[in-house]
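Fold and contact review
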Amino acid sequence: QVQLVESGGGLVQPGGSLRLSCAASGSIFSISTMGWYRQAPGKQRELVADITSGGSTNYADSVKGRFTISRDNAKNTMYLQMNSLKPEDTAVYYCNLKSPTGWTGRYQYYWGQGTQVTVSS
């Protein structure tokens, strides 16, 4: 029904920048909250940032001031601009779509396959 494909990961030096993209299929994108999560080896998956259908954003404290989440509903695409990258940002980054259902307060969640971000000197 919904497919999410991340791209833009790679190897970058500390202090460098990367821009991640998440392309979504289907027509549900524009009414869904989108989010970026990350998971480092041996650690739990954590929310990095999310953005509502109306454009309201939320960031983890660890990335505030460095990362910017955005979306382009016309392109069914979400972005994460990552600046001033640190080694502790190294993780697999996952795209998430939170889709409303016909039931108040009930949602369907979809995940991309992940893209590796490595920050190392």
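Refer to the preceding data block for the structure.
First things first, this report covers the structure right here in the doc.

Turning our eyes to something else, we now look at the environment of Y107. Along the chain, Y107 falls in strand β10 (residues 107–111). For the pair Y107 and S32, spaced 75 residues apart in the sequence, the C-alpha separation amounts to 9.4 Å. Not counting residues up to four positions away in its chain, the partners in contact with Y107 are K98, S99, P100 and T101.

What the four strands build is an open sheet, ordered β1-β3-β8-β7; its pairing is antiparallel. Each edge of the sheet is formed by a strand with only one pairing partner; in this case those strands are β1 (4–7) and β7 (67–72). For this sheet the average axis-to-axis angle between neighbouring strands, irrespective of direction, equals 15 degrees. As judged from the six bridges shared by strand β3 (residues 18–24) and strand β8 (residues 77–82), these two strands associate in the antiparallel manner. Bridge assignment links C22 to a residue of β8, and that residue is M78.

In total, this model carries four salt bridges according to the counting rule given. With a closest N to O distance of 3.0 Å, D61 and K64 form a salt bridge. Given a relative accessible area of 48%, K64 falls into the partly exposed group. With its nearest N and O atoms 2.8 Å apart, the salt bridge here joins D89 to R66. Here R66 lies in the loop between β6 (57–59) and β7 and D89 lies in the loop between β8 and β9 (91–100), a separation of 23 residues in the sequence. Accessibility expressed as a relative area gives 0% for D89, which makes it buried. The exposure class assigned to R66 is buried, which follows from its relative accessible area of 10%. The network of salt bridges with common partners includes R38, E46, R66 and D89.

Time to look at the environment of V63. In this fold, V63 is placed in the loop between β6 and β7. Excluding anything up to four places from it in sequence, V63 contacts R38 and V48.

Cut-offs applied
- Residue positions are counted from 1 within each chain, in the order its sequence is given.
- Given that the model is predicted, a residue must reach a pLDDT of at least 70 before its local features are reported, and side-chain atom pairs must reach 80 or more before they are shown or counted; all residues, however, enter totals for whole chains, interfaces and linings.
- Side-chain metrics rest on all non-hydrogen atoms present in the structure, leaving aside hydrogens and water.
- Helical segments are the DSSP runs of H or I of at least four residues, strand segments are the runs of E of at least two, and each set is numbered from the N terminus.
- Whether two residues touch is decided by their heavy atoms; if any such pair falls within 4.5 Å, the residues are in contact.
- By the convention used here, strands pair only if DSSP detects at least 2 bridges between them.
- Whenever a helix is involved, its axis is fitted only over the stretch in contact; in every case the axis is a line through C-alpha atoms, and angles between N-to-C directions fall within 0 to 180 degrees.
- Salt bridge, as used here: a side-chain nitrogen of Lys or Arg that lies within 4 Å of a carboxyl oxygen of Asp or Glu.
- Burial classes follow relative accessibility: with a 1.4 Å probe on protein chains only, a residue under 20% of its type's maximum area counts as buried, one over 50% as exposed, and anything between as partly exposed.

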